[in-house]
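Listed below, chain by chain, are the residues.
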Amino acid sequence: MKFTESMLRDLVETAMSAEEVGDLLTMTGFELEEVLLVEGEKVLDINVMANRGDGASVLGLAREVLAKDPKSRPTPLYQALSTHGPQEGAADPEATASVRIESPLCTRFSIRVFEGLANGPSPDWVQERLRKIGQRPISLLVDLTNTVMYETGQPLHAYDLDLVPKGSLVVREARAGETLTTLDGTAHELKAGMLMICDETRPIGVAGVMGGLDTEVSETTTRCLLESAHFDHQAVRRTRKGLGLQTDASYRFERYVDPEGTVRALDRFAELLEQCAGYKPLPLLIDVYPAPPVRPAVVVRGDRTRRLLGLDVSSQQIAKYLQDLGSRVEQNGDDFSVAPPSWRIDLVREDDFVEEVGRVHGYEKIPSLLPIGSTPVGGVHGRSKFLDALRGWAVRCGFTQCISHSLCAGSPLDAPGGHVHVRNPHSPELELLRNSCLPSVADAALRNGGKGLKLFEVGRVFRPGSEGHHMALISTSAAASGPTVTDAGFFAMKGTIETILEGTGFRPSFSLPAVPDDRFHPTRQASWEGAVLFGQIHPLVAETLGLPTETCLAEIDVTALWRLVPADDPFKPFHRHPSVRRDMAVVVAKSVKYQDVALVIEEACGDVLERHWLFDVYEGAGIDPGHHSLGIALLLRKAGTFTDEEANRVRDAAVSGLERLGAKLR
């Protein structure tokens, strides 16, 4: 929104410079983009927010200056433009024009008629003012409509009355197949539902956007029908986008125009036309206003206002600030009943008015104080931290995260127990809420070739009467002949699940499910605590989906797993003494479970064992058949510094314990 310094001073008496006015508007929420010097006068360029249509006019910005600066004073012109005076004139059967509204998207439509005109160039001062704000002067009638629009915020449109049959205007929605050539010479095919200004038979203008070429005023115009209307701001935006148009009028209508300002803008145009050329309007005024909007009052509490702002604002100041911005205020002690002004559609609740008080009083006056109250827990914690840990361990295991939509179609990998159906699905592919994340990771694998993939997803699942978080993993073999030991086999998936669970504080012991799951191979599936299920995909399911038969899947019910997490998360201080690592390699029969190996190590090492892990498995030359070599790392720590001899004794104790399992040091 650009305006010259003189345009503001027409409405406000102020000693502030253009730069000071720009700073003041910035502090009220209308950011100053720049101050330009154009033809010897300063021009301010203000950024207008999408919900503040009143700021797209000099009148609206003048209101902000007067409310914010106690030294500024309104001019007689400001007072005239801010007053909704009596509406003179009335429609009669002999009128030269008429208006009919046939769509609820038009809430008010006002017109005046001017006759005996000579539509030549506008006066030099009008042309100069328009040029300075980036507008091209066209003719007297068009230039004055633009002047009034920038001044009051109300777009106007002038029709050549002789080109409008019977002077009859109809506001209705377009019908399929209708066309319109707009003022820029572009022919448009209209879509049903677009709001149009029409004569009795055809569209002659796009409501709130641009007029039609066939009724354009020109140098031959002697009779003018002037329109000033209010349209639904969302309807204007839809139509403007649908036609690919962008105008100064649509810019304002999309941000909301004051419905009470239509007649005021007509009167201001008539005043300027008489001032510039001596023409007066006919007595006729047609103002169709079927349902004036009713804005309910909102209760604003003084104590809450002060508490939210952190400012000591008196009741008298609260009332004055809101009244200066146009609201009607009724005070009852420290509480207020506030009716928002007609031009502020964004004021709907108490906090909106509290913000208004803060804007005018000055955010810069908010004192700098230390925070009070209890200190919240910092960083990610609770279930969110637990989810992050699951994701982190999956990534460490070589899996890549994918994210899918929770709407889906049916799949052979859906969990038993039924679905939650979408009431009005967009398509058959989006008619269900997923009850398992397995179909999601399977779809992601198929979209990426289906082979040599390790994917996981953490997301919400929905079942009749409940919902929760699940984590699903999939691994597929890269080789057509089947997985290698470390590729995508059942035991590789088992190791992945163990790593993830142990990383989050669990020690799982897997077993066959009590009820076999038909999605998995009947002899290659396992579960734990009802929260974890994994296995190799069932051959028939793999064939149906087009996945390799060696594909392994896993699903963790994160919601159920979270219930197993201890309620207390004790604080663990940083240890003051360093840790010591000792490695050992033992040869043991393959029939010995690693879980038994781990238990023996923990028993033999005692409290000084902080952590242990398997880092190598070897079988081949030098190893007896049916045996393998396990490389195991021990991380030791105690209240004091370990000597080499002490660390070695702990390691030797672990080796001695493993001898009971038939293991021997390699």
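The rules behind the values
- Residues numbered from 1 in each chain as written.
- Predicted model: local features only at pLDDT ≥ 70, side-chain atom pairs only at ≥ 80, totals over all residues.
- Heavy atoms only, no water.
- Salt bridge = Lys/Arg side-chain N within 4 Å of Asp/Glu carboxyl O.
- Helix = DSSP H or I, 4+ residues; strand = E, 2+ residues; numbered from the N terminus.
- Buried < 20%, exposed > 50% of the residue type's maximum accessible area, 1.4 Å probe, protein only.
- Pairing = 2+ DSSP bridges.
- Contact = heavy atoms within 4.5 Å.
- Axes fitted to C-alpha atoms, helices over the stretch in contact; angles between N-to-C directions.

Visitor: Could you clarify how one ought to interpret the pattern of salt bridges in this entry?
Guide: For side chains of opposite charge, pairing can occur when their charged atoms come near one another. Here the structure, examined in full by the defined rule, presents 47 salt bridges. Where Arg112 meets Asp267, a salt bridge forms, and the shortest distance between an N and an O atom there is 3.1 Å. Here Asp267 lies in helix H9 (residues 262-277) and Arg112 lies in strand S7 (residues 106-115), a separation of 155 residues in the sequence. A relative accessible area of 7% places Arg112 in the buried class. Of the charged contacts in the structure, one is a salt bridge between Glu356 and Arg344, with a shortest N-O distance of 2.9 Å. Placement of Glu356 in helix H12 (residues 350-361) and of Arg344 in the loop between strand S19 (335-339) and H12 is noted, with a sequence separation of twelve residues between them. Overall, the relative accessible area of 4% leaves Glu356 in the buried class.

Visitor: In this structure, what is going on with the sheet that holds strand S26 (residues 520-528)? I would like to understand it.
Guide: The pairing of strands in a sheet happens through backbone hydrogen bonds and is either parallel or antiparallel. Strand order in the open sheet formed by six strands is S20-S24-S25-S28-S27-S26, with mixed pairing between adjacent strands. At either end of the open sheet lies a strand with only one pairing partner, and these are strand S20 (400-401) and S26. Note that strand S27 (residues 532-537) and strand S28 (residues 552-557) share five bridges and pair antiparallel. Bridging across to S28, Phe534 finds its partner in Ala554. Relative to the sheet, helix H15 (residues 490-503) contacts strand S25 (466-475), S26, S27 and S28, its axis offset from that of S27 by approximately 160°.

Visitor: Even after reading the chapter, I still don't get the side chain of Ser327, so can you show me in this structure?
Guide: Considering the arrangement of structural elements, one finds Ser327 in the loop between helix H11 (315-324) and strand S18 (328-332). Exposure remark for Ser327: the relative accessible area of 8% places this residue in the buried category.

Visitor: Explain the sheet that holds strand S16 (residues 281-288) here, please?
Guide: Sheet architecture is open: four strands sit in the order S8-S15-S7-S16, paired in antiparallel fashion. Each having just a single partner strand, strand S8 (156-160) and S16 make up the two edges of the open sheet. Across the sheet, the mean angle separating the axes of adjacent strands is 20° when strand polarity is ignored. Relative to S7, H9 is tilted by about 20°, and along the sheet it contacts S7, S8, strand S15 (223-231) and S16.

Visitor: Please clarify how the pairing of S8 should be interpreted in this entry.
Guide: Successive side chains on a regular strand alternate, one facing one side of the sheet and the next facing the other. Counting buried residues along S8, five of its five residues qualify, which places the element largely inside the surrounding structure. Of the two faces of S8, both are covered, the one formed by Leu156, Ala158 and Asp160 as well as the one formed by His157 and Tyr159. With five bridges connecting them, S8 and S15 associate as antiparallel partners. Paired with Tyr159 across the strands is Leu225, a residue of S15.

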